[in-house]
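What the coordinates show
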Amino acid sequence: PGTGDLWVANGGNNPSIISILRDGASTLGAPTYSNSGASTFTTTAELAIAESLAFDTAGNLWVTSRNLGQIRKYPLSAGNISQSTSQFITALSTPGALAFDTTGNMYVGETNEMTPFTGKLWKFPNLGTAGSPVISNTPVLLQNGVDPTALAFIAGQLWGTSDLNDQVVQLA
């Protein structure tokens with residue numbers, strides 16, 4: 001985190017999280033990446049179908065797994081992301097999209113592909129500080145009837161995408 005490296009959640013036939021190192025010669029403004037810098041961070045043995053990933057305000061990696069009904073934290077330690085999880089959150093049955101705001105609160109989208117427009121947007125409050133977040137295991141429901149498949153903050157506002165109605169929408 002913070003180095004310009006690219007991280008990808010691959011939920012395909014060989015589920016994994018892949019980190020792709022930025023070419024050391026390129027600048028952050030115009031980075032280049034190559035397969036030679038790719039490494040598999042975790043595989044299906046540890047995490048069946050990595051749905052989404054995001055970094056919190058302290059640089060810890062968080063990953064959702066819809067199939068396992070889990071949100072996992074991989075802590076940042078001495079500049080490296082640990083391959084061991086330090087927190088499991090199992091409060092949601094099908095966690096998907098994931099984002100953090102600047103104060104360290106975690107937002108998670110939960111969709112039900114079998115029943116459109118019954119998804120939910122949840123907030124997991126940060127009980128610590130932005131520099132040292134402590135994410136609550138108990139979510140707060142923010143919105144019903146949304147099916148966010150991706151989440152992102154832009155200028156403090158939470159946005160989401162929905163595959164069900166092909167829209168980008170402003171959320172709570």
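Residues numbered from 1 in each chain as written. Predicted model: local features only at pLDDT ≥ 70, side-chain atom pairs only at ≥ 80, totals over all residues. Heavy atoms only, no water.

**Looking at the overall build of the protein**
The line we're drawing: Under the DSSP-based scheme used, a helix requires at least four consecutive residues in state H or I and a strand at least two consecutive residues in state E, with every element numbered from the N terminus. Each accessible area is a Shrake-Rupley result for a 1.4 Å probe, and residues are judged covered by the shown protein chains and nothing else.
The helix and strand inventory of the protein stands at zero helices and 16 strands. For the protein, the exposed area adds up to about 8700 Å²; of that, 52% sits on carbon and sulfur atoms.

**Points about the sheet that holds strand β5 (residues 61–65)**
Put simply, the test is: The rule for pairing is simple: two strands pair if DSSP sees at least two bridges between them. In this analysis, axes come from line fits to C-alpha atoms, helices being fitted only over the stretch in contact, and the angle between any two N-to-C directions falls in the range 0 to 180 degrees.
Strand order across the open sheet formed by four strands is β4-β5-β6-β9, with antiparallel pairing between neighbours. The open sheet has two edge strands with one neighbour each: β4 (52–55) and β9 (87–89). Geometrically, the sheet is characterised by an average inter-axis angle of 20° between neighbouring strands, direction not taken into account. In the sheet, strand β6 (residues 70–74) pairs with β9 via three bridges, with the strands oriented antiparallel. If you follow isoleucine 71 over to β9, its bridge partner there is isoleucine 89.

**Focus: the pattern of salt bridges**
Just so we agree on the cut-off: The rule for a salt bridge is simple: a side-chain nitrogen of Lys or Arg has to be within 4 Å of a carboxyl oxygen of Asp or Glu. Buried means the residue's accessible area, taken with a 1.4 Å probe over protein chains only, is under 20% of the maximum for its type, while exposed means over 50%, and partly exposed covers the values in between.
According to the stated counting rule, one finds one salt bridge in the structure shown. A salt bridge links glutamate 51 to arginine 66; the nearest nitrogen and oxygen atoms lie 3.1 Å apart. Of this pair, glutamate 51 sits in the loop between β3 (33–43) and β4 while arginine 66 sits in the loop between β5 and β6; the two residues are 15 residues apart in sequence, bridging distant segments of the chain. Taking the relative accessible area as the measure of exposure, arginine 66 reaches 16% and is therefore buried.

**Focus: the packing of aromatic side chains**
The condition is simple: Note on ring pairs: Phe, Tyr and Trp rings are taken, using the six-membered ring of Trp, and paired if centres are within 6.5 Å. Classes follow the plane angle, with under 30 degrees stacked, over 60 edge-to-face and the rest tilted.
Applying the stated criterion across every chain yields a total of two aromatic pairs. When the centroid spacing of 6.0 Å and the interplanar angle of 50° are considered together, the rings of tryptophan 62 and phenylalanine 100 count as tilted. Separated by 38 residues along the polypeptide, tryptophan 62 in strand β5 and phenylalanine 100 in strand β10 (residues 95–100) bring together distant segments of the chain. Accessibility assignment for this pair places tryptophan 62 and phenylalanine 100 in one class, buried. Between the aromatic rings of tyrosine 107 and phenylalanine 153, the centroid separation amounts to 5.2 Å while the plane-to-plane angle is 65°, which identifies the pairing as edge-to-face. Taken together, the residues span a long stretch of sequence, with tyrosine 107 in strand β11 (residues 106–110) and phenylalanine 153 in strand β14 (residues 150–154) at a distance of 46 residues. Under the relative-accessibility criterion, phenylalanine 153 is labelled partly exposed at 27%.

**Looking at the confidence of the model for the protein**
The condition that has to hold: Confidence per residue, as judged by the predictor, is encoded in pLDDT with a range of 0 to 100. Only heavy atoms matter for contacts: two residues are in contact if any of them lie within 4.5 Å across the pair.
Mean pLDDT over the protein: 78, with 72% of residues reaching 70 or higher. Low pLDDT, under 50, characterises residues 31–35; the stretch is placed with 12 contacts to residues that sit more than four places away or in other chains.

**Digging into the pairing of strand β15 (residues 157–162)**
Only one face of β15 is buried: it carries Leu158, Gly160 and Ser162, and the other face, with Gln157, Trp159 and Thr161, is open. Bridge count for β14 against β15 is five bridges, and the pairing is antiparallel. Considered in β15, the bridge of alanine 152 is made with tryptophan 159. Connecting β14 to the next strand, β15, in antiparallel fashion are two residues, including alanine 155 with a positive phi near 50°. In the sheet, β15 pairs with strand β16 (residues 167–170) via four bridges, with the strands oriented antiparallel. Note on β16: the bridge partner recorded for serine 162 is glutamine 167.

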